[in-house]
Amino acid sequence: MNTLISRTVTAASFALFMGAAQGQGAVALTGQVSSVEEGAMEGVVVSARKDGSTISTSVVTDAQGRFAFPAARLEPGHYSLKARAAGYELDGAKAADVAAGSVAGADIKLRKVKNLSAHLTNAEWMSSMPGTDEQKRFLLNCNGCHTIERIMKSAYDADGFMQIFQRMASYYPGSTPLKPQRLAGKATRDVERGGSGRKTAEWLASVNLSQQQTWAYALKTEPRLTGKSTRVIITEYDLPNPLIQPHDVMLDREGNVWYSDFGQMFLGKMDPKTGKVMQYPIPVVKPGWSEGTLDLEIDRDDNPWVGVMYQSAIAKFDKKSEKFRMWTTPKEWDTDAGQLGHIAIEGTHSDNRVWIKNSDGGHIYRLDLVSNRMENLGAFKDPRSGKRIGTYGIHSDAQNNAYLLDFAAGNIVKIDAKTRNATVYPTPTPDSRPRRGRVDHEGRLWFAEYQGNAIGMFDPKTERITEWKVPTPWSAPYDAVAGRNGEAWTASMLTDRVSRLDIKSGQYTEYMLPRPTNIRRVYLDDSRSPGTLWIGSNHGASIVKVEPLD
């Protein structure tokens, strides 16, 4: 029997109720999601894609299992439908015809999945497997290139994992199973991050499939999101090549969407109305070394800048001439592991200097745009422990003071632009591993605590740090941003969720995304309230727009 019932009804019969429910006026497609096990299902993400389109639109079911797509979001045509709910899959047909002036209907039936392991998020694997939090934290180093499912379904014993650690240390961090890249020269990466490799290998061999045909522990899923979390519209734009990794996504003042490609030498631009993509090749200045970019920034002249990673360079793209200007690490400073992934230009207008971080040795550079010379401020240390600050993100304020986020421990470091003196501020949660963030319009630094599972905010006026823990376990936030409307956002490489913080109340609203993602940078368009979040699906070759309805 066909379990998805297509029907057409008059727009008048549904527009008043469902239009008010979604806050978007008339609707084009509506229906209800249910299952044999639960009946009506709240919190199911329902997606519609028109035949031949690269753009899909998603909404979420309410407490009665109902969903509605606004008419302004769906053109007339034939649409394929998908649904996402932890532990469930579509049962039967999944299509609907949308016509102008009427409302199409599609009641969707779901069934329990037979192979739950194929549907778990990284965070759900982390919650399912036995082990201490300390043991599991090791895996926060393993989800940048592939899923944790890949590890849990492996049959490596402890000796095999020791060989894997050694091999993984030789790969570029923008590698994927589709496009692995070996590091050049003598460069390696510390994939163990100070842990005990042998003990970790033995633990991993006890939780994967090296000793049994199936797992000796129950697989757990997170509850579906409900209430305010269902009030959202999500738009996903597929990029033209599956190898594209949109690491950072930003909007310029004209509304164009720009992205950095983590695994290839391109800067991308997308038209959010049509989904059309332009890719601009970035010159290779260090042949033979890994290719890819990371940090994307847009300056006051609306020109994009990118950190070009193991090419030991940064690049500025002039939108008028459509040409790149490159600055490279001076040869006497450069090494096999030289990596200029992060830059800070928010305060560049004040003194014509760009902050740059070299991951090899944690050295902090400043580029003088007048003389085109770099100065090396060296690597900063924590005065309490004597350890080097393991800078990941680097950000600047309006006066071009720099902030370093200590990914190796739990510190925020402020460098005075004039004196070059550094002050170290520990986060309330020890070893929180701050990763990336942004300075807001009030001069406060917002940042993500990757191991602290929180958003943090440093107020330079009070010199105090405030934290807000993200509700879903193992979210491991990568980046954080706050807007002018009293909200801050973060996202996850593990949960397939984005999280919106009401700063005044301290309450989060989370939104489930339509399919597995691996999110790095979060960008907030706060020109309206509520703001609109833009992210890249780093392993899904797509750009995602998240629009809360209230």
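Just so you know, these numbers come straight off a predicted model, no measurement behind them.

Draft legend 1. Seen up close, empty space enclosed by the protein. By the definition in use, this model includes one cavity of 30 Å³ or more. Here the largest cavity is characterised by a volume of approximately 30 Å³. Forming the walls of the largest cavity are Gly43, Val45, Val60, Leu225, Ser229 and Met512. Looking at the lining of the largest cavity, its residues break down into four nonpolar, two polar and no charged.

Draft legend 2. Expanded view of the environment of Tyr403. Following the sequence through the fold, Tyr403 ends up in strand E25 (residues 402-406). Residue classification places Tyr403 among the buried positions, given a relative accessible area of 0%. Distance in space between the C-alpha atoms of Tyr403 and Ala40 is 49 Å, their sequence separation being 363 residues. Setting aside anything within four residues of it in sequence, one finds Tyr403 in contact with Gly393, Ile394, His395, Asp397, Ile412, Val413, Lys414, Val439, Gly443, Leu445, Phe458 and Pro460.

Draft legend 3. Inspection of the pairing of strand E5 (residues 55-60) at higher detail. The buried count for E5 comes to six of six residues, which makes it a mostly enclosed element. Neither face of E5 is open: one carries Ile55, Thr57 and Val59, the other Ser56, Ser58 and Val60, and all of them are buried. Of the pairings in the sheet, the one linking strand E4 (residues 45-50) to E5 comprises five bridges and is antiparallel in character. Its bridge partner being in E5, Ala48 is matched across the sheet by Thr57. The hairpin turn running from E4 into E5, its antiparallel successor, is four residues long, and Gly52 in that turn takes a positive phi close to 85°. In the sheet, E5 pairs with strand E11 (residues 232-238) via four bridges, with the strands oriented antiparallel. Residue pairing in the sheet places Ile55 in a bridge with Tyr237 of E11.

Rules used throughout
Residues numbered from 1 in each chain as written. Predicted model: local features only at pLDDT ≥ 70, side-chain atom pairs only at ≥ 80, totals over all residues. Heavy atoms only, no water. 1 Å grid on protein atoms, 1.4 Å probe; cavity = no way out; pocket = protein on both sides within 12 Å on 5 of 7 lines; lining within 4 Å. Points joined across faces, edges and corners; volume = space filled by probe spheres on them. Nonpolar A, V, L, I, M, F, W, Y, C, P; charged D, E, K, R; others polar. Helix = DSSP H or I, 4+ residues; strand = E, 2+ residues; numbered from the N terminus. Buried < 20%, exposed > 50% of the residue type's maximum accessible area, 1.4 Å probe, protein only. Contact = heavy atoms within 4.5 Å. Pairing = 2+ DSSP bridges.

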